[in-house]
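What follows is each chain in one-letter form.
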Amino acid sequence: MTADILEVDDVHVRFGGIVALDGVSFTMPKGKIVGLIGPNGAGKTTLFNCLSRLYIPTEGDIRFKGKTILDSPPHHIADIGIGRTFQNLALFSSMTVLENVMVGGHSTTKSDFFSNALRLPGRGREEKELRNRSGELIEYLGLGDVAHSIVAGLPFGTQKRVELARALASSPELLLMDEPAGGLNHVELDELGSLIQQIRDDRGITVLLVEHHMGLVMSISDKVVAIDFGRKISEGTPEEVQNDPEVIRAYLGTGE
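Residues numbered from 1 in each chain as written. Predicted model: local features only at pLDDT ≥ 70, side-chain atom pairs only at ≥ 80, totals over all residues. Heavy atoms only, no water.

**A short note on the side chain of Glu 179**
Step number 1: Mapped onto the fold, Glu 179 is located in the loop between β7 (174-178) and α7 (186-203).
Step number 2: Buried charge Glu 179 goes without a salt bridge, the closest partner of opposite sign being Lys 44 at 5.2 Å.
Step number 3: Separated by 2.5 Å, the side chains of Glu 179 and His 212 make a polar contact.
Step number 4: Among all residues touching Glu 179, those that are not within four sequence positions of it are Gln 87, Lys 160, Val 210, Glu 211 and His 212. (Helix = DSSP H or I, 4+ residues; strand = E, 2+ residues; numbered from the N terminus. Buried < 20%, exposed > 50% of the residue type's maximum accessible area, 1.4 Å probe, protein only. Lys, Arg positive; Asp, Glu negative; His and termini not counted. Salt bridge = Lys/Arg side-chain N within 4 Å of Asp/Glu carboxyl O. Polar contact = N/O pair within 3.5 Å; in protein donor to acceptor, adjacent residues only side chain to side chain. Contact = heavy atoms within 4.5 Å.)

What follows is the structure, given as structure tokens:
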């Protein structure tokens, strides 16, 4: 039986009088791809921000590998094994691809900002290891030809891969992907689906995918969770969720 790496347990989020999440619960089996879907305003981003510790649930708990994450500050989420990509690219545009990926890997090093700035003993060895590991990720994601290029001058689809490489540089066990298909063309979309599955298979990383592109979600997810108006309305295999009357009603506004 596959162990659950993430447990979302009766999570409520309220902003004043607005209920953004209303008792959402689901689990994520280790090593699987889980799609989180819902119409605009359903609460997907709110839930994602709770998982990233940008928001604090009003009620409920979120457990990663059996331990609550709610007592971990946002800047420690990468330390415990959770990585994230963003809907809007959050890259350092004036830095190179390699430099951006290395930034993502700094959470795995022991040296801090001051030891790096002062070039204290041990920093050089760690920096070399980080550079080598970042270079391996860059090659893995097909970015070798642009490793030393400034990010700002690269095509949007390439920048998306750079952000993915940066997220992987922290060696996460759980990867949160926020609308990764946004802005991609059909060819890039097909490549993205294959790449996400490859990352899961090669690196044993569990993936939570928040995405509007239903074709992508349904083609690569092992499990899909659908929410609407802050409530979970369906959970199961892609086929089960696609055929659920509640999901059809939420997206099409039809049904008895």
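**Considering the sheet that holds strand β4 (residues 59-64)**
Step number 1: Read from one edge to the other, the open sheet built from four strands follows the order β2-β1-β4-β5, with strand pairing classed as antiparallel. Among the strands making up the open sheet, the edge pair consists of β2 (18-29) and β5 (67-68).
Step number 2: By the bridge criterion, nine bridges tie strand β1 (residues 4-15) to β2 in an arrangement that is antiparallel. Bridged to Leu 6 within β2 is Met 28. (Pairing = 2+ DSSP bridges.)

**Observations concerning the domain arrangement of the protein**
Step number 1: As assigned here, the protein comprises domain 1 (1-81 + 172-255) and domain 2 (91-171).
Step number 2: Between domain 1 and domain 2, the residue contacts involve 19 residues of the former and 14 residues of the latter.
Step number 3: Both sides of the domain 1 and domain 2 interface together cover about 1,300 Å² of buried area, and 59% of this is carbon and sulfur.
Step number 4: Looking at the side of domain 1 facing domain 2, the largest losses of area belong to Pro 172, Leu 195 and Arg 203, adding up to 40% of the total buried there.
Step number 5: Linking domain 1 with domain 2 are two salt bridges, by the criterion used here.
Step number 6: A salt bridge links Glu 191 to Arg 161, with the shortest nitrogen-to-oxygen separation between them at 3.7 Å. (Domains from an automatic or database assignment. Buried area = accessible area lost by both parts, 1.4 Å probe.)

**Quick look at the packing of aromatic side chains**
For any two aromatic rings, the description comes down to two numbers: the centre-to-centre distance and the angle of the planes.
Step number 1: Counting across every chain of the model gives one aromatic pair.
Step number 2: A centroid spacing of 5.4 Å and a plane angle of 75 degrees characterise the contact between Phe 15 and Tyr 55, whose relative ring orientation is edge-to-face. Residue Phe 15 is located in strand β1, and its partner Tyr 55 is located in the loop between α1 (44-51) and β4; the two are separated by 40 residues in the primary sequence.
Step number 3: Accessibility expressed as a relative area gives 40% for Phe 15, which makes it partly exposed.
Step number 4: Exposure remark for Tyr 55: the relative accessible area of 30% places this residue in the partly exposed category. (Phe/Tyr/Trp six-rings, centres within 6.5 Å; stacked < 30°, edge-to-face > 60°.)

**Considerations on the nonpolar core**
Looking at soluble globular proteins, one finds that nonpolar side chains tend to be buried together.
Step number 1: Core analysis: the largest hydrophobic core is formed by 44 residues, its most contacted members being Val 97, Leu 141, Leu 164, Leu 168, Ile 196 and Ile 199.
Step number 2: Of the residues that make up this core, three or more belong to each of domain 1 (1-81 + 172-255) and domain 2 (91-171).
Step number 3: With residues up to four places along the chain from it excluded, the contact list for Ile 196 reads Ile 33, Met 177, Val 207, Leu 209 and Ile 220. (Core = buried A, V, L, I, M, F, W, Y, C linked by side-chain atoms within 4.5 Å.)

**Examining the side chain of Asn 100**
Step number 1: Residue position: Asn 100 is located in helix α3 (residues 97-105).
Step number 2: Looking at Asn 100, the relative accessible area reads 0%, which means it is buried.

**Focus on the environment of Met 28**
Step number 1: The residue Met 28 is located in strand β2 in this model.
Step number 2: On the basis of relative accessible area, Met 28 is assigned to the buried category, the value being 0%.
Step number 3: Met 28 sits 23 residues away from Ile 5 along the chain, and the two C-alpha atoms are 5.9 Å apart.
Step number 4: If near-sequence neighbours (up to four positions away) are discounted, Met 28 is found in contact with Ala 3, Asp 4, Ile 5, Leu 6, Val 34, Leu 174, Thr 206, Val 207 and Leu 208.

**Concerning α3**
Step number 1: Across the nine residues that make up α3, a large majority, seven, are buried.
Step number 2: Among the residues making up α3, those that are buried are Val 97, Leu 98, Asn 100, Val 101, Met 102, Gly 104 and Gly 105.

**Observations concerning the sheet that holds strand β8 (residues 206-210)**
Strand pairing within a sheet occurs via backbone hydrogen bonds; the two strands may be parallel or antiparallel.
Step number 1: Read from one edge of the open sheet, six strands run β6-β7-β8-β3-β9-β10, paired in mixed fashion. Of all strands in the sheet, those with a lone pairing partner are β6 (82-85) and β10 (231-236), marking the two edges. For this sheet, the mean angle separating the axes of adjacent strands, direction not counted, is 15 degrees.
Step number 2: Of the pairings in the sheet, the one linking strand β3 (residues 33-37) to β8 comprises four bridges and is parallel in character. (Axes fitted to C-alpha atoms, helices over the stretch in contact; angles between N-to-C directions.)

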